[in-house]
Amino acid sequence: MSIAENIDIVKANLPAHVQLIAVSKTKPAALLMEAYAHGQRAFGENKVQELAWKFEELPKDIEWHFIGHMQTNKVKYIAPFVHLIHGVDSYKLLKTIDAEAKKANRIIPCLLQFHIAEEETKFGFSIAEVTEMLQSDKFHLLKNIQISGVMGMATYTDDETQIHKEFACLKYYFDGLKSGYFADQPEFKEISMGMSGDYLIAIEEGSTMVRIGSTIFGERSYNSET
Ligand SMILES: *Cc1c(COP(=O)(O)O)cnc(C)c1O
């Protein structure tokens, strides 16, 4: 199967309101260009350096999504151009993004990452932490970030009931924030959930953005995995 065919298959499964982020981490520029030639414009990367060189090398109308765990000292390398930062999981990171966005004279859209999986290793806020942050004065000082929604990763498991439950939990958090704190902010609208193995479940549970890598570009080599 070609990359173009893989994209068509995935897209045939996506309702109109769900955006496809093609996760191109570890893949060479030539493969991204195959997707680009087929009309794909939103790409997801999880390493700052890799995102920065791909931005330099590839067409400028690509929307670059940062989907990885971001270190504060690296925000500056992508702040001038990044389209959306999916994995914001601390106030400290948000504050750094705000400062770098200001330098770049931009407002950077961000998603709040929630910890919804059973695994200890997956990053993310709890709802209590987010609620506390949103009520704090220090949060209201941040003028160059825009919270555009939420993001989460389900447990890596064959247990579909479990995956449904975790995505439903993220949707529940989203709904609570949407009707509460963000009630007057229409920009708060995205639920980034679903990867190659679980995106159909994520869509059933209300995803608006799926992040799909291996189904489009093929398996990644073990060594280059995070
Ligand atoms: C790698 C990655 C994906 C894509 O994973 P696939 O299983 O290859 O579709 C999605 N989201 C995040 C955060 C990732 O790191």
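Above this text you will find the structure in question.
Rules of the game
- Residues numbered from 1 in each chain as written.
- Predicted model: local features only at pLDDT ≥ 70, side-chain atom pairs only at ≥ 80, totals over all residues.
- Heavy atoms only, no water.
- Near = heavy atom within 4 Å.
- Polar contact = N/O pair within 3.5 Å; in protein donor to acceptor, adjacent residues only side chain to side chain.
- Areas by Shrake-Rupley, 256 points an atom, 1.4 Å probe, with all protein chains shown as cover.
- Nonpolar A, V, L, I, M, F, W, Y, C, P; charged D, E, K, R; others polar.
- Buried < 20%, exposed > 50% of the residue type's maximum accessible area, 1.4 Å probe, protein only.
- Helix = DSSP H or I, 4+ residues; strand = E, 2+ residues; numbered from the N terminus.
- Arc of directions from axis to C-beta.
- Patch = residues over 30% accessible without salt bridge, like charges linked within 9 Å, V, L, I, M, F, W, Y side chains within 5 Å.
- Salt bridge = Lys/Arg side-chain N within 4 Å of Asp/Glu carboxyl O.
- Lys, Arg positive; Asp, Glu negative; His and termini not counted.
- Charge placed at Lys NZ, Arg CZ, Asp CG, Glu CD.

**Things to note about the site of the ligand**
Phase 1 of the analysis: As a structural note, the neighbourhood of the ligand is formed by Val23, Lys25, Ile67, Met151, Met153, Met195, Ser196, Arg211, Ile212, Gly213, Ser214 and Arg220.
Phase 2 of the analysis: One nitrogen or oxygen atom from the side chain of Ser196 is found 2.5 Å from an oxygen atom belonging to the ligand.
Phase 3 of the analysis: Ser214 has a polar backbone atom sitting 2.8 Å from an oxygen atom of the ligand.
Phase 4 of the analysis: Summarising the interface, the protein chains cover 90% of the accessible area of the ligand, which totals 390 Å² for the free molecule.
Phase 5 of the analysis: The residue inventory of the shell around the ligand, partitioned by class, reads six nonpolar, three polar and three charged.

**Some points on helix α2 (residues 29-37)**
Phase 1 of the analysis: Buried residues of α2: Ala29, Leu32, Ala35 and Tyr36, and no others. Angular distribution of buried residues about the axis of α2 spans 115 degrees; they occupy a single face of the element. Looking at α2, the residues exposed on the side facing more than 90 degrees away from the buried face are Ala30 and Ala37.
Phase 2 of the analysis: A positive backbone phi angle near 100 degrees is found at Gly39, which sits one or two residues after α2.

**Quick look at a negative patch on the surface**
Phase 1 of the analysis: On the surface, Glu118, Asp158, Asp159, Glu160 and Glu204 cluster together to form a negatively charged patch.
Phase 2 of the analysis: Counting through the fold element by element, Glu160 comes out in helix α8 (residues 160-179).

Keep in mind these numbers describe shape, not what the thing actually does.
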